[in-house]
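Geometric and topological summary
Below are the chains, spelled out letter by letter.
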Amino acid sequence: MNASYLRYAGRRLVQAVVVVLLAYVFTFVVISVLPGDPVTNTLRNPENGFTEEEIARIVSYYGLDQPIAVQLWQSLSHFLVGDLGVSLRSNLPVTRLVAEVVPSTLALAASALAVALVLAFAIAYGTQNLPRRYGQGVLRAFPSLFLSVPAFVVGLLLIQVFAFQLGLFSVIEPDSAWATFFAAVALGIPVSAQVAEVLITGLDHESRQEYAAVARSRGLGQARLFAKHLLKPSSLPVVTVVALTVGELLGGALIIETIFGRTGIGSLVQRSVSTQDLPVLQAVVSLAAVVFVVVNLLADLVYPLLDPRVRTEPASASGKAGLGEAPEQPILERQVSVP
Amino acid sequence: MTTTHAGRWAGRTRRAIQAAVGALATVTLAAACAAGGPASSGGGTGEPHDGGDITFLIDSLGDTWIPNNSSISSFQGHIWGHVADKLVYVDEVGEVSPWIAESWEQDDDATEFTLHLKNGVTFSDGSPLDADAVVKNLDTWAFGAPDAGISPIGLFPKTYDHAEAVDDTTVKVHFDAPTLGFVPTLGYHGSILISPKALALPAEEQADLSNDIGSGPFVVESWKEGDSVVLKKRADYDWGPEAVGHTGPAYLDTITYKLVAESSTRTGAVRSGQADVAYNATPQELDSFKDQGFVVAVPRYLGFVNGYRLNTRVAPFDDALVRQAFQHGIDRDEILSTVYTDDWSPAESLIQSNVPEATDHSDSFAYDPELAASLLDDAGWTEGADGVRTKDGKKLELTLYPNPYLATSKAIDELVAQQLGELGFDVDIQAYDVVTFGERVSDNTSLSNYEVTRSFIDVGTVASILTDAENGEDWFGLGESDPRTNKLRDAVAQATDLDERAKSVDELQEHLLDQAYFAPVTQIVQRIYVQNPELHDVTYNGVAYASYYTAWLED
């Protein structure tokens with residue numbers, strides 16, 4: 001298993017590098033074919049009153065007069081040695097810009113994920129343990145409700161009530177604990193809906209299994225049954241969903257950061273997109289690609305730990321396996337069981 | 001093709017999101033109003049005293065901090081105004097007074113100026129702000145360093161030749177043509193004095209605001225790109241402009257400029273007392289703020305009014321009668337009462353009425369639908385069954401392009417379209433975001449009109465903008481076709497005496513408006529401040545920036 005894991009990890013790593021490079025090139029091409037660039041856009045602002053010659057000299061300083069293929073090659077060769085270049089908008093090194101915003105987004109995304117998981121598990125627990133007549137129906141409606149309310153609506157309402165009316169946090173200090181918590185709530189709610197839906201389906205499925213009936217017949221209370229027997233197998237698909245929501249957390253961060261006045265990756269992207277700041281966008285897209293690939297890889301690795309039935313070796317369908325040789329293509333298979 | 005669609009789609013999506021956010025903001029604001037305003041508006045005023053910290057919420061902190069490239073940014077100008085000084089001060093009515101230059105002279109043909117500097121002024125890095133430093137700054141403003149990515153500052157006179165330090169406090173500046181606008185330009189937001197050490201740094205290091213050393217009443221304590229700038233008072237500052245009526249260091253200890261992109265969050269924070277000033281509130285919110293005792297400041301900048309410049313080379317504005325009909329067909333009172341509040345005033349000319357040389361020409365473009373209709377009749381445009389006028393089988397069509405730099409522009413264009421529609425125009429509106437607008441509208445000489453929002457500090461610069469002289473922008477597509485305009489332009493640009501120039505400027509305004517090259521709408525307020533009533537004695541300069549050098553906080 002170790003050797004196959006290593007080979008598997010190696011292959012995934014190569015795949016990851018390819019994905020990141022493709023993301024880099026793709027971003028470059030997409031932004032480059034859009035009309036205009038930040039330098040010329042600023043210079044052409046009529047308030048400046050520059051001559052064509054002045055504009056041409058400045059544009060040439062930034063290398064923006066080169067053919068796109070040349071610009072791409074230069075940018076790519078710098079990227080491969082870890083040089084992310086200089087922002088066309090702010091003239092600051094891209095590494096500095098990204099490093100400044102990562103902690104804030106990380107804090108927001110991690111808190112949002114925590115909020116989402118707590119909410120999802122609380123709702124799921126409720127659907128199994130509350131008296132059927134009162135709570136359950138209401139609780140089961142929560143995920144669709146959560147999904148249908150846009151995060152910015154929740155965000156603005158939270159600010160209105162908790163910051164402006166109750167004074168619990170200040171919009172001037174968006175990185176304070178309370179401000180981060182409420183931003184995380186706004187961002188986490190839609191994510192919690194997806195997790196809760198999968199979890200509820202899993203719990204419903206598991207609680208109909210024979211082993212659950214046996215456990216109940218032996219006098220196990222609903223709460224203990226939930227904690228000891230149902231939760232673990234039902235959590236399997238949650239891992240997959242959580243890995244997939246990373247993209248959503250990063251995307252949602254854009255809106256939530258803008259509303260809460262946080263300076264994170266989302267707001268950096270927003271500023272860079274509106275000014276077509278190519279070097280920054282490429283760095284952020286590459287970073288996002290790395291995060292996405294890594295998180296999904298982690299999900300794959302956690303999976304077999306949660307459920308021993310998940311195979312890390314392929315089924316011995318070929319004759320080779322029958323001969324006792326190691327399988328050539330180890331596959332990690334996620335058995336997402338949605339009844 | 002794909003690119004166009006992508007751009008348009010992005011613009012549309014962005015607008016849709018903004019519209020949604022805006023709509024919600026209105027709802028939440030209404031809720032906030034219902035819930036009650038601030039604790040109290042504060043009764044007594046008291047005496048100015050030291051101490052206090054204020055927070056200023058702003059919707060953007062601009063792009064780069066390279067002083068030359070950023071000083072005219074309407075966002076970063078707030079910070080530069082506190083960190084750096086200027087040679088002269090220009091107040092809100094365009095009056096020029098001493099600042100770092102305590103006096104100046106010019107020769108008879110306005111090509112040589114002598115500036116006498118205050119003694120003992122230092123940058124916050126300890127280096128002297130002397131004649132040498134001023135010469136370096138003048139060169140940087142005029143020429144920049146294009147090969148190092150540093151642009152010259154916009155609107156600095158192109159006639160600048162060189163400057164020399166005569167002694168420690170005397171600078172002689174030479175121009176290759178009369179440049180009466182030179183001294184007022186020194187008070188423009190672009191002309192900020194920066195330590196020569198900082199000017200010598202490469203672009204990447206100048207882009208770090210902490211390296212950009214000025215001589216102003218505040219210094220940069222900390223800053224974070226796209227997030228905030230914290231300024232703290234400079235204790236040994238003692239060379240503020242006399243005109244603001246305060247000497248010595250500032251009263252306030254710190255000013256924090258914090259970027260909050262969402263407008264309702266900015267104003268909500270001021271309403272709830274979490275911040276002291278919110279920049280760029282929407283006109284519709286202002287009355288409710290005033291009712292609740294907040295201070296609302298809507299200083300006008302010196303510059304052009306908001307209006308349309310009409311392209312005499314493109315139909316239908318190649319006909320003076322149609323241009324005049326357009327001018328007389330706009331109901332400015334309706335625009336003011338629908339889009340704005342009482343704080344806005346109608347245009348009286350093509351330049352704002354606080355410009356010293358502005359004269360009232362409102363009669364030449366007054367709203368008169370009957371006159372407008374008869375002008376169109378005279379021009380041969382006859383009304384069809386659908387209400388749209390036609391001539392030789394062609395419809396009287398035109399497209400307006402709302403200026404994305406003015407938030408109220410689209411609402412104004414919609415009203416204008418309605419008003420002109422009643423006269424028989426077929427008006428279409430094409431709204432673009434800033435980037436697309438720059439691509440398709442800004443330099444496009446094939447469009448029949450362009451909506452103007454534009455500041456200037458000295459009316460002398462106007463002449464070169466309006467025509468094609470000196471790389472001018474040829475606003476009306478006149479070229480050499482109108483000798484009178486060009487003659488008046490030369491009289492303004494080459495004037496060596498301010499009174500003479502004022503006369504020519506008056507004639508120029510009259511001529512341009514009579515020919516209906518320009519259709520004024522309203523005077524522009526581009527900077528709107530909503531402020532905590534306990535903050536007193538804020539000053540606003542000629543480009544409508546708030547200065548907190550003179551401001552103090554009530555206990």
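Residue indices follow the written sequence of each chain, beginning from 1 at its first position. Labels follow written order: the first chain is A, the first ligand is 1, and so on. Totals for whole chains, interfaces and linings use all residues, but because this is a predicted model, local features are given only for residues with pLDDT of at least 70 and pairs of side-chain atoms are given and counted only at 80 or more. Heavy atoms from the whole structure form the basis of all side-chain values; hydrogens and water molecules are not counted.

**Topic: the interface of chain B and chain A**
On the side of chain A, 51 residues touch chain B, which itself brings 57 residues to the contact. Between chain B and chain A the total buried area reaches about 4600 Å² when both faces are included, carbon and sulfur atoms providing 58% of it. Whenever a carboxyl oxygen of Asp or Glu lies within 4 Å of a side-chain nitrogen of Lys or Arg, that contact is scored as a salt bridge. In this structure, the connection of chain B to chain A is made through four salt bridges. Linking Glu225(B) and Arg271(A) is a salt bridge whose minimum nitrogen-to-oxygen distance equals 2.6 Å. Between N or O atoms, a polar contact is any pair within 3.5 Å; within protein, one atom must be a potential hydrogen donor and the other a potential acceptor, and residues adjacent in sequence are included only when both atoms are from side chains. Seen at the junction of chain B and chain A, the total is twelve residue pairs in polar contact (both at pLDDT 80 or more). Numbering of helices and strands runs from the N terminus, with a helix taken as a DSSP run of H or I at least four residues long and a strand as a DSSP run of E at least two residues long. Those elements that provide at least two residues to the side of chain B that touches chain A are helix H1 (2–35), strand E1 (53–58), helix H7 (203–206), strand E8 (218–224), strand E10 (254–259), helix H8 (263–271) and helix H14 (434–442) of chain B. With nine residues, H1(B) is the largest single contributor of residues to the side of chain B that touches chain A. Only Asp, Glu, Lys and Arg are considered charged, only Ala, Val, Leu, Ile, Met, Phe, Trp, Tyr, Cys and Pro nonpolar, and every remaining residue, Gly among them, polar. The residue inventory of the side of chain B that touches chain A, partitioned by class, reads 25 nonpolar, 18 polar and 14 charged. In this description, contact between two residues means that some pair of their heavy atoms is separated by no more than 4.5 Å. Once two parts are joined, some of their accessible surface, as seen by a 1.4 Å probe, is lost; buried area is that loss totalled over both.

**A short note on the nonpolar core**
Throughout, nonpolar core names a set of buried Ala, Val, Leu, Ile, Met, Phe, Trp, Tyr and Cys residues whose side chains join them through atoms within 4.5 Å. Only protein chains enter the accessibility calculation, which uses a 1.4 Å probe. A residue is then buried if its area is under 20% of the maximum for its type, exposed if over 50%, and partly exposed in between. Leu87(B), Leu138(B), Val171(B), Val173(B), Phe182(B), Phe304(B) and Tyr548(B) are the most contacted members of the largest nonpolar core, which has 133 residues in total. A per-element tally of this core places helix H4 (residues 131–143) of chain B first, with seven residues. For the purposes of this description, domain bounds are those given by an automatic or database domain assignment. Each of domain 1 (3–80) and domain 2 (94–306) of chain A gives at least three residues to this core. The residues touching Leu138(B), leaving out its near neighbours within four places in the chain, are Phe156(B), Tyr160(B), Ala163(B), Val171(B), Val173(B), Phe182(B) and Leu186(B). Grouped together as the second largest cluster of nonpolar side chains are 95 residues, Leu203(A), Phe226(A), Val339(B) and Trp344(B) included.

**Let's talk about the sheet that holds strand E4 (residues 101–106) of chain B**
Residues and elements named next belong to chain B. For two strands to be treated as a pair, DSSP must find at least two bridges joining them. Read across the open sheet, the four strands follow the order E4-E5-E7-E6; overall the sheet is antiparallel. What marks the edges here is a single partner per strand, and that holds for E4 and strand E6 (160–167). Going across the sheet, the axis of each strand differs from the next one's by a mean of 20 degrees, ignoring polarity. The pairing of E4 with strand E5 (residues 112–117) spans five bridges and is classified as antiparallel. Paired with Ser103 across the bridge in E5 is His116. Where helices are involved, their axes are fitted lines through C-alpha atoms of the stretch in contact, as for all axes, and angles between N-to-C directions lie from 0 to 180°. In the packing of H4 onto the sheet, the strands contacted are E5, E6 and strand E7 (170–175), and the crossing angle to E6 comes to about 175 degrees.

**Describing the domain arrangement of chain A**
All names here are of chain A. Looking at chain A, the domain boundaries give domain 1 (3–80) and domain 2 (94–306). Centre-to-centre, using C-alpha coordinates, domain 1 lies 33 Å away from domain 2. Each side of the interface is counted separately: domain 1 has 19 residues, and domain 2 has 15 residues. Interface area for domain 1 against domain 2, summed over the two sides, is near 1500 Å², with a carbon-plus-sulfur share of 69%. Counting the surface domain 1 buries against domain 2, the share from its top three residues, Arg12, Ile31 and Pro38, is 30%. Remark: the boundary between domain 1 and domain 2 carries zero salt bridges. There are one residue pair in polar contact (both at pLDDT 80 or more) connecting domain 1 and domain 2. When residues of the side of domain 1 that touches domain 2 are traced back to their parent elements, those giving at least two are helix H1 (2–33) and helix H4 (68–80). It is H1 that contributes the most residues to the side of domain 1 that touches domain 2, twelve residues altogether. Partitioning the side of domain 1 that touches domain 2 into residue classes produces 13 nonpolar, four polar and two charged.

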